[in-house]
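The residues making up each chain are set out below.
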Amino acid sequence: MGAAKIAPFEATPLEGIPSTVNLCRTSFRSNKTKPISYRLTQLRKLYWALVDNSDAILEACRLDLGKPEFETYTSELDWCKNDIIFITKNLAKWMKDEKAQDIPLTMSLLNPIIKKEPLGNILVIGAFNFPVQLSLGPLIGAIAAGCTGVLKPSELSPATAMVLKKIVEESLDPNSYAVVNGAIPETNALLNEKWDKIFYTGGTQVGTIIAKKAAETLTPVTLELGGRNPAIVTKNADPRLAARRLVWGKFMNAGQVCISQNYIMVEKEILPALIEQMKLTLKEFYPNGQKNSPDFGRIVNNRHFLRIKKMLDDTKGKILIGGEMDESQNFIEITVVQVNDDQDSMVVQESFGPLMPILVVEDVEEAIRTANKVDSTPLGLYAFGSKAETSKILNSVTSGGASINDVLFHACQPTLPFGGVGNSGQGSYRGKASFDTFTHRRSVTTTPGWMEKLLDVRYPPFNAAKLKKFRSTSALKPNFDREGREIKGFGYWVSFLGALGGKSAKGALVRWALVALIAVGAKRWTDLNGLPAFLK
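Reading guide: rules and limits
Residues numbered from 1 in each chain as written. Predicted model: local features only at pLDDT ≥ 70, side-chain atom pairs only at ≥ 80, totals over all residues. Heavy atoms only, no water. Pairing = 2+ DSSP bridges. Helix = DSSP H or I, 4+ residues; strand = E, 2+ residues; numbered from the N terminus. Axes fitted to C-alpha atoms, helices over the stretch in contact; angles between N-to-C directions. Contact = heavy atoms within 4.5 Å. Phe/Tyr/Trp six-rings, centres within 6.5 Å; stacked < 30°, edge-to-face > 60°. Buried < 20%, exposed > 50% of the residue type's maximum accessible area, 1.4 Å probe, protein only. Arc of directions from axis to C-beta. Polar contact = N/O pair within 3.5 Å; in protein donor to acceptor, adjacent residues only side chain to side chain. Salt bridge = Lys/Arg side-chain N within 4 Å of Asp/Glu carboxyl O. Core = buried A, V, L, I, M, F, W, Y, C linked by side-chain atoms within 4.5 Å. Parallel < 35°, antiparallel > 145°, perpendicular 65-115°, else oblique. Left-handed = near helix turned anticlockwise from the far one by under 90°. Nonpolar A, V, L, I, M, F, W, Y, C, P; charged D, E, K, R; others polar.

J.: What should I look at first to understand the sheet that holds strand β8 (residues 230–233) in this one?
T.: Sheets are built from strands that pair by backbone hydrogen bonding, the pairs being arranged parallel or antiparallel. Judged by pairing direction, the sheet is mixed, and its 7 strands sit side by side in the order β10-β13-β14-β9-β8-β15-β16 without closing on themselves. The open sheet has two edge strands, β10 (318–321) and β16 (401–404), and neither has a second partner. Across this sheet, the average inter-strand angle for adjacent strands is 25°, counted without regard to direction. Here strand β15 (residues 380–384) runs beside β16; their pairing, made up of 4 bridges, is parallel. Looking at β16, one finds that alanine 383 is bridged to isoleucine 404. Packing of helix α10 (residues 271–285) onto the sheet brings it into contact with β8, β9 (263–267), β10, β13 (335–339) and β14 (355–361), and relative to β10 it is tilted by some 55°. Along the sheet face, helix α14 (residues 387–396) touches β8, β9, β15 and β16 and points at about 160° away from the line of β15.

This is how it looks when you write it as structure tokens:
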């Protein structure tokens, strides 16, 4: 089968961008995107467009990133298709009005509910490293939420950008969804428009610019950024397991993954075993070398190749594994370097490439201190060791997400919310979170006319009787004393005994079920054997 034909990259004319945005905004204001039938139709058409353009996506990702077919299917095509199927199966449930919780009995007469309403017209700015998933993933959530929007793919993956343009224009409602291609001028033209939400995936520097621009019009943003993500390998870790999983985290997409480990802290006792297992792992994964393997990708362009090369040139560390490069192919093999301190060029910057700096530490406490010093809010955290050690690390280091005894894996679960914290981003998406991030939870009450007599307490002229009446129905009694201790009154003990000590309804049901089983068993025993002698 021949390679799919992909149109040459072409930027969207700047003068046409305002009218494109206005068309999508007008479509949203018509309310056509709000019915579930419309949303499901758009999502289903997008699914089949992905199926029909699979060959073009495979070829585009190969051209842009040298991405292996296996990775394109698992992290791009099938990821988005599965996301659509999961969302379409659950969308009706997510869209339902919610009954407000913990409402006083008197206020329940107002029928308080939470309606799920689309935010409006949104802008999605994608990234080059996973050019399909990180572009269509947020757009899928926006469509599910009932929003209209414009997608701006990364110009650093130009072939994929053109395929995405074709897919969107051929499958989705052209009055509601559009693709704008281009670089900085086109992005600036989009940011000059008014949006109801901006969703950006990329680096912290550009994310900061977008956040500032959005703040001018009080536009909410979701920022999916990067970080200097630490991995920690304690002396009690399994060196073979840690080596295989750490190497996997760096060969995927040639290390161009925002959540891959940026540096590894290793307790000195396990370092020799870990390095040996890394060598064995690389030999197993790439028997003919990484450069000759169809399973190892390439750096996206020469600029990023030179950026990564400079980090390696500037290090004062010692190369333990790898180091081969080929600028003509933008190829850099997985390179393991033992660095001397946390100020090394390979630690202070996010590599976004196949570099694996290793920093030897004395103990877990030193690793925790270093992680918090290098980046106090990384996107990912990876800990290998005993349960006690990994629990301590998880409780001591803040991160957007974490995988214990693994890397990246929390972000590979399509129904887990994915996002950063602090400098690594704000907001999350994936699964239901994709729907939620583009949805406004609108609180609504309906006051019937017959309640007017009950509500007259709120109208002037006010007096002591009205105040007493109001406070008698609204003021809550504290269940704690002045020292902050809980007061366990009559209601607490009734609840405790009724639940047989269970802290939840589920716990109470389990306890009562056990009591019932014991009672039935005891009755049957007495029916067969009679009462024991001491009870006669």
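Moving on from the coordinates now.
J.: I would appreciate a short explanation of the packing of aromatic side chains in the present structure.
T.: Describing an aromatic ring pair means giving the distance of the ring centres and the angle of the ring planes. Using the criterion set out here, one finds 13 aromatic pairs in the structure. Consider the rings of phenylalanine 199 and tyrosine 429, whose centres lie 4.9 Å apart with planes at 80°: the pair is edge-to-face. Pair noted here: phenylalanine 199 is in strand β6 (residues 197–201) and tyrosine 429 is in strand β19 (residues 428–429), with a separation of 230 residues, a long-range link. Each of the two residues, phenylalanine 199 as well as tyrosine 429, counts as buried. When the centroid spacing of 5.8 Å and the interplanar angle of 85° are considered together, the rings of tyrosine 286 and phenylalanine 296 count as edge-to-face. On the criterion of sequence distance, the pair formed by tyrosine 286 in the loop between α10 and α11 (302–314) and phenylalanine 296 in the loop between α10 and α11 is long-range, its members being 10 residues apart.

J.: Help me understand helix α13 (residues 364–374) in this model?
T.: For an α-helix, 3.6 residues make a turn, and residues three or four places apart therefore share a direction. Here α13 has its buried residues at Val364, Ala367, Ile368, Thr370, Ala371 and Val374. The buried side chains of α13 occupy one side of the element, clustering within an arc of 165° when seen end-on. Turned more than 90 degrees away from the buried face of α13 sit Arg369 and Lys373, all of them exposed. In this structure, the buried side of α13 is in contact with β8, β9, α12 (345–348), β14 and α14. Its side-chain oxygen placed 3.3 Å from the backbone nitrogen of glutamate 365, aspartate 363 serves as the N-cap of α13.

J.: Would you explain the side chain of threonine 33 in this entry?
T.: Mapped onto the elements, threonine 33 comes out in the loop between α1 (17–29) and α2 (36–52). The exposure class assigned to threonine 33 is buried, which follows from its relative accessible area of 1%. For threonine 33, the residues in contact, after removing those within four places along its chain, are Phe28, Tyr38, Arg39, Gly146, Thr148, Ser176 and Tyr177.

J.: Sorry if this is basic, but what is going on with the pattern of salt bridges here?
T.: A side chain with one charge can pair with a side chain of the opposite charge if their charged atoms come near. Within the structure shown, the criterion is met by 23 salt bridges. For glutamate 76, the salt bridge goes to lysine 67, with nearest N and O atoms at 2.6 Å. A salt bridge links glutamate 155 to lysine 152, with the shortest nitrogen-to-oxygen separation between them at 3.1 Å. By relative accessible area, which is 2% here, lysine 152 ends up buried.

J.: How should I be thinking about the nonpolar core in this particular structure?
T.: What tends to happen in soluble globular proteins is that the nonpolar side chains get buried as a cluster. In this structure, Val233, Leu246, Ile259, Ile264 and Met278 are the most contacted members of the largest nonpolar core, which totals 111 residues. If one sorts the elements of this core by residue count, helix α5 (residues 133–145) sits on top with 8 residues. Apart from residues lying up to four places away in sequence, methionine 278 is in contact with Ala243, Leu246, Val247, Ile264, Ile321, Val336, Met356 and Ile358. Counting residues in each nonpolar core, the second largest holds 19 residues, with Leu123, Val180, Leu191 and Ile198 among its members.

J.: Can you walk me through the packing of α2 against helix α4 (residues 69–95) in this structure?
T.: Helix-helix packing is characterised by the crossing angle of the two axes and by the distance between the axes. Where α2 meets α4, the axes come as close as 10 Å, and the angle between the chain directions of the two elements is 165°. Relative to α4, the element α2 lies roughly antiparallel. Here α2 runs over α4; the crossing is left-handed. Contact with α2, carried on its side by Ile36, Arg39, Leu40, Leu43, Leu46, Tyr47, Leu50 and Val51, involves Leu77, Cys80, Lys81, Ile84, Ile85, Ile87, Thr88, Leu91, Ala92 and Met95 of α4 and no other residues of that element. Classifying every residue of the contact of α2 with α4 gives 15 nonpolar, 1 polar and 2 charged.

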